[in-house]
Amino acid sequence: MKTEIKTDAKGKKTVLNTCTEPCAIERGMRLIGGKWTGSIIYHLKDEPVRFNDLCRMLGGASRKMIDQRLKELENNGMVLRSVIDTRPIAVTYSLTEFGRSALDILEQLRVWSESHSDN
């Protein structure tokens, strides 16, 4: 929906069709736009990854942050948490089909970001 702005005779502007709820872009950003969220999804693209390995891959993120984001992704149906029945017990994370559906967007974002890294 295109935003329309009306200007009255005194120059006052009024938006005619304001957003009353989050638009599709905002809803999408809420799913994958959190700090480290896109990187977590990207690192899970090939195979299930153990929590400790994921922490090593994301060296700049705290374990607490990674755990928080993984829980959000799991609650949103984008990541599947699996307990491996080994000693010691380990947990792996993998993408659901819904999570995989974000990979093309993240790849495009990566390419765009790298091509504008000078800015």
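Presented here is an overview of the structure given in this document. Predicted model only: the values in this text are computed from it and were never measured. (Residues numbered from 1 in each chain as written. Predicted model: local features only at pLDDT ≥ 70, side-chain atom pairs only at ≥ 80, totals over all residues. Heavy atoms only, no water.)

1. Describing helix α4 (residues 63-75)
Given 3.6 residues per turn, any residue in an α-helix points the same way as the ones three and four places further on. Here α4 spans 18 Å end to end across 13 residues, near enough to the 18 Å set by a 1.5 Å rise per residue. Along α4, the positions that sit buried rather than exposed are I66, R69, L70 and L73. Along the axis of α4, the buried positions cluster into a sector of 105 degrees, meaning they face one direction only. Away from its buried face by more than 90 degrees, α4 exposes K64 and N75. (Helix = DSSP H or I, 4+ residues; strand = E, 2+ residues; numbered from the N terminus. Expected span 1.5 Å × (residues − 1). Buried < 20%, exposed > 50% of the residue type's maximum accessible area, 1.4 Å probe, protein only. Arc of directions from axis to C-beta.)

2. Digging into the packing of aromatic side chains
Taken as a whole and assessed by the stated rule, the structure comprises zero aromatic pairs. Stacked on the ring of Y42, the Lys or Arg K45 has its end atom at 4.5 Å from the ring centre. (Phe/Tyr/Trp six-rings, centres within 6.5 Å; stacked < 30°, edge-to-face > 60°. Lys NZ or Arg CZ within 6 Å of the ring centre and 35° of its normal.)

3. Quick notes on the layout of surface pockets
Empty space within the largest pocket amounts to approximately 260 Å³. In this structure, the largest pocket is lined by 13 residues; those nearest its centre are G28, M29, I32, I105 and L106. Of all the secondary structure elements, the ones that give two or more residues to the lining of the largest pocket are α1 (24-32) and α6 (103-115). Of the residues assigned to the lining of the largest pocket, the class counts are nine nonpolar, four polar and no charged. The computed volume of the second largest pocket comes to approximately 200 Å³. For the second largest pocket, the full set of lining residues is I32, G34, W36, T37, G38, S39, Y42, H43, L106, L109 and R110. Listed by contribution, the elements that provide at least two residues to the lining of the second largest pocket are α2 (37-43) and α6. A per-element tally of the lining of the second largest pocket places α2 first, with five residues. Classifying every residue of the lining of the second largest pocket gives five nonpolar, five polar and one charged. (1 Å grid on protein atoms, 1.4 Å probe; cavity = no way out; pocket = protein on both sides within 12 Å on 5 of 7 lines; lining within 4 Å. Points joined across faces, edges and corners; volume = space filled by probe spheres on them. Nonpolar A, V, L, I, M, F, W, Y, C, P; charged D, E, K, R; others polar.)

These results come straight from atomic positions and should not be treated as a statement about function.
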